[in-house]
Amino acid sequence: MSTPLPVAVPPRLRRVRRRMPARSRPLVVVVLGALAGLGLGVTLGLGVSAESLGSLRAPGGLATAAGRIAGLTAAYAMVVVVVLVARFGPLERAVGQDRLVRWHRTLGPWPLYLLAAHGALITAGYARAANDGVLHQFGQLLWTYPGVLAATVGGLLLIAAGVTSYRLARRRMAYETWWAVHLYTYLALLVSFPHQIHTGASFVGHPLASAFWPALWLATLALVLVSRVGLPVWRSLPHRLTVASVTPEGPDAYSVLLRGRRLHRLPVAGGQFLQWRFLRRGLWWQAHPYSLSNVPSGDRMRITVKDLGDHSRGLAAVTPGTRVAIEGPYGVFTPDSRRGNKLLLIGAGVGSAPILSLLQDLPKTVDVTVVNRAHSSAELLLSDELEHETRRRGGRLIELAGPRDRVPLDAAALGRQIPDLTTRDAFVCGPEGFTAAVARELHAAGVKHVHFESFTF
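Residues numbered from 1 in each chain as written. Predicted model: local features only at pLDDT ≥ 70, side-chain atom pairs only at ≥ 80, totals over all residues. Heavy atoms only, no water.

1. Re the overall build of the protein chain
Helix and strand content of the protein chain: 16 helices and 11 strands. Pairs at least 24 residues apart make up 73% of the contacts formed inside the protein chain by residues separated by at least 6 positions. (Helix = DSSP H or I, 4+ residues; strand = E, 2+ residues; numbered from the N terminus. Contact = heavy atoms within 4.5 Å.)

2. Observations regarding the packing of helix 5 (residues 97-107) against helix 6 (residues 109-130)
The angle between the axes and the distance between the axes are what describe a pair of packed helices. Relative orientation of the contacting elements helix 5 and helix 6 amounts to 20 degrees, with a least axis distance of 4 Å. Between helix 5 and helix 6, the angle is such that the two are roughly parallel. Residues Arg-105, Thr-106 and Leu-107 of helix 5 form the contact with helix 6, whose participating residues are Pro-109, Trp-110 and Pro-111. Counted by class, the contact of helix 5 with helix 6 contains 4 nonpolar, 1 polar and 1 charged residues. (Axes fitted to C-alpha atoms, helices over the stretch in contact; angles between N-to-C directions. Parallel < 35°, antiparallel > 145°, perpendicular 65-115°, else oblique. Nonpolar A, V, L, I, M, F, W, Y, C, P; charged D, E, K, R; others polar.)

3. A short note on a nonpolar patch on the surface
Nonpolar side chains collect at one region of the surface, where Leu-27, Val-30, Val-31, Leu-35, Leu-38 and Val-42 lie side by side and expose about 550 Å² of accessible area between them. In this structure, Leu-38 sits in helix 1 (residues 25-49). By relative accessible area, Leu-38 is classed as exposed at 56%. (Patch = residues over 30% accessible without salt bridge, like charges linked within 9 Å, V, L, I, M, F, W, Y side chains within 5 Å. Areas by Shrake-Rupley, 256 points an atom, 1.4 Å probe, with all protein chains shown as cover. Salt bridge = Lys/Arg side-chain N within 4 Å of Asp/Glu carboxyl O. Buried < 20%, exposed > 50% of the residue type's maximum accessible area, 1.4 Å probe, protein only.)

4. A closer look at the pattern of salt bridges
Here the structure, examined in full by the defined rule, presents 10 salt bridges. Among the ionic pairs, Arg-302 bridges to Glu-385, the shortest N-O distance being 2.9 Å. Taken together, the positions of Arg-302 in strand 5 (residues 300-306) and Glu-385 in helix 14 (residues 383-392) put the pair 83 residues apart, joining distant regions of the chain. For Arg-302, a relative accessible area of 0% corresponds to the buried category. For Arg-424, the salt bridge identified is with Asp-420, shortest N-O distance 3.1 Å. We classify Arg-424 as buried; its relative accessible area is 6%. Salt bridges here are not isolated pairs; linked through shared partners, they connect Lys-342, Asp-367, Asp-420 and Arg-424.

5. Points about the nonpolar core
Among the nonpolar cores identified, the biggest contains 21 residues, and Leu-241, Leu-258, Trp-276, Phe-278, Ile-303, Leu-315 and Val-324 are the most heavily contacted of them. Sorting the residues of this core by element identifies strand 1 (241-250), strand 2 (253-259), strand 3 (273-278), strand 4 (288-297), strand 5 and strand 6 (323-330) as the ones contributing at least two each. With sequence-adjacent residues up to four places away left out, Ile-303 is seen in contact with Tyr-254, Ser-255, Val-256, Leu-258, Trp-276, Phe-278, Tyr-290, Ser-291, Leu-292 and Ser-293. Val-79, Ala-86, Leu-158 and Val-224 belong to the second largest nonpolar core, which has 20 residues in total. (Core = buried A, V, L, I, M, F, W, Y, C linked by side-chain atoms within 4.5 Å.)

6. What about the sheet that holds strand 10 (residues 425-429)?
In spatial order, the strands read 9-8-7-10-11; together these 5 strands make up an open sheet with parallel pairing. The strands lining the two open edges of the sheet, one partner per strand, are strand 9 (396-401) and strand 11 (450-451). Direction of pairing for strand 8 (residues 367-374) relative to strand 9: parallel, over a ladder of 6 bridges. Looking across to strand 9, one finds that Asn-372 is bridged to Glu-399. Strand contacts of helix 14: strand 8 and strand 9, with the helix running at about 155 degrees to strand 9, the strand carrying the most contacts. In this fold helix 16 (residues 432-445) packs onto strand 7 (342-348), strand 8, strand 10 and strand 11, with an angle of close to 165 degrees to the strand it touches most, strand 10. (Pairing = 2+ DSSP bridges.)

7. Let's talk about the side chain of Ser-255
Along the chain, Ser-255 falls in strand 2. Given the relative accessible area of 1%, Ser-255 is considered buried. A distance of 2.6 Å separates a polar atom in the side chain of Ser-255 from a polar atom in the side chain of Glu-249. The contact partners of Ser-255, leaving out residues within four places of it in the chain, are Ser-245, Val-246, Thr-247, Glu-249, Arg-302, Ile-303, Thr-304 and Leu-382. (Polar contact = N/O pair within 3.5 Å; in protein donor to acceptor, adjacent residues only side chain to side chain.)

8. Some thoughts on the packing of aromatic side chains
Per the stated rule, a full pass over the model turns up 5 aromatic pairs. On the numbers, 6.1 Å between centres and 50 degrees between planes, the contact of Phe-212 with Trp-213 is tilted. For Phe-212, a relative accessible area of 28% gives the class partly exposed. Assessed through its relative accessible area of 0%, Trp-213 is described here as buried. (Phe/Tyr/Trp six-rings, centres within 6.5 Å; stacked < 30°, edge-to-face > 60°.)

9. Brief notes about helix 13 (residues 352-361)
A large share of helix 13 lies buried, amounting to 10 of its 10 residues. For helix 13, the set of buried residues is Ser-352, Ala-353, Pro-354, Ile-355, Leu-356, Ser-357, Leu-358, Leu-359, Gln-360 and Asp-361. Tucked inside the fold, the buried residues of helix 13 contact strand 4, strand 5, strand 7, strand 8, helix 14 and strand 10.

10. So, the pairing of strand 2
Most of strand 2 is tucked away, with 6 of its 7 residues classed as buried. Where strand 1 lies against strand 2, 7 bridges are found, and the strand directions are antiparallel. When the sheet's bridge partners are listed, Pro-248 is paired in strand 2 with Tyr-254. In this structure, the hairpin formed by strand 1 and strand 2 is closed by a connection of 2 residues, where Asp-252 is found at a positive phi of approximately 60 degrees. Bridge count between strand 2 and strand 5: 7 bridges; the pairing is antiparallel.

11. Observations regarding helix 5
Residues of helix 5 that are buried: Gln-97, Asp-98, Leu-100 and His-104. On an axial view of helix 5, the arc spanned by its buried residues comes to 160 degrees, and they lie on one face. Against the buried residues of helix 5 lie helix 3 (61-84), helix 4 (89-95), strand 3 and strand 6. (Arc of directions from axis to C-beta.)

12. Considering a positive patch on the surface
A cluster of like positive charges, contributed by Arg-240, Arg-261, Arg-262, Arg-265 and Arg-323, occupies part of the molecular surface. Summarising the element assignment, Arg-261 is placed in the loop between strand 2 and strand 3. The exposure class assigned to Arg-261 is partly exposed, which follows from its relative accessible area of 35%. (Lys, Arg positive; Asp, Glu negative; His and termini not counted. Charge placed at Lys NZ, Arg CZ, Asp CG, Glu CD.)

Listed below in structure tokens is the structure:
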């Protein structure tokens with residue numbers, strides 16, 4: 001049974017909203033995109049300026065030049081890949097973390113391809129220039145050129161992280177394993193960087209280039225440290241979050257009620273999620289994303305989770321008083337994303353948690369219809385609170401429990417249940433397959449604006 005939060009909140013504890021106006025969000029993307037394009041142009045310029053007609057005409061010159069440009073482009077692309085998942089606040093609020101992760105996955109393989117091309121072309125070019133065998137020349141590069149061995153190790157670490165990012169590999173890995181492997185990405189970049197400055201033709205004897213490249217990498221490092229270390233610490237310490245209670249909600253699902261200080265000042269919106277780090281043995285070293293099932297009220301807020309792995313299973317045994325660190329909030333699955341004042345909110349399983357917090361945070365003028373979907377009645381999580389909040393707003397709650405073949409949620413069924421379906425914005429949250437299928441059916445039924453986020457790693 002869920003643990004409701006107090007309804008009445010003293011005026012001094014009412015939540016403070018700090019959100020970027022929707023109209024300014026595209027400007028952030030345009031500016032950052034322009035800077036990324038400018039940086040790519042400068043990077044290519046560094047590679048081209050290091051060559052001459054004489055060097056290109058020399059034996060192996062074309063291969064060596066192509067290898068150098070491939071290496072520079074790979075390094076720059078890796079910087080962009082890291083920035084996409086650095087959780088930089090303005091970019092995350094403008095685009096949404098799930099979309100940034102998709103861009104990260106799409107772009108991610110290209111630095112690896114370019115790194116492979118860099119190694120192969122440089123080795124071939126040097127071997128041609130020295131009239132030497134490719135394998136022997138590769139050994140010479142590893143053992144006699146400064147930083148090349150470390151860069152090769154870094155490249156192998158990057159390839160390992162890249163392989164684990166493929167969908168097939170992710171499905172066979174626990175989140176904890178995947179997360180640990182990806183930490184090696186930062187180590188790989190650290191050990192690869194010196195070789196670029198010490199042996200790169202674009203930097204040796206070029207003070208401006210030698211200043212630009214470290215500045216780019218240091219700025220990226222600073223962004224990661226501020227966004228993923230500094231800001232979480234700054235957010236966690238003042239609020240002093242602790243676990244107040246853990247309450248069962250249904251089969252393998254439970255709510256964790258948290259108590260803290262000045263939670264009304266936490267800039268979080270209904271529907272958002274945070275990265276949670278529970279400071280107890282076995283859990284403190286990793287953070288996991290969980291959506292709020294109650295927006296902050298007074299000194300309390302709540303998450304509702306389902307047993308989907310080691311971390312979520314471990315939360316069932318967390319004792320009251322356990323300290324909690326937070327990172328975030330993240331996500332654009334919020335009231336600010338709506339295009340109108342008529343909404344359809346669809347949640348399945350533990351996806352009803354962000355639906356509830358989103359519902360709580362909507363303006364009173366919004367007309368809402370809520371669909372709570374589950375395989376069985378026992379799995380209709382947070383149903384009492386959803387019913388209370390929907391009725392309080394004069395909306396309508398539809399509960400659908402049963403197997404998909406007996407209780408469908410396709411375009412025809414949605415149209416029968418909700419006659420004004422096409423006039424509403426739809427917000428959908430649930431398992432990845434459910435969310436994608438319902439989004440397709442909503443579009444097929446004529447719904448123009450469908451909002452959802454993916455939380456898969």
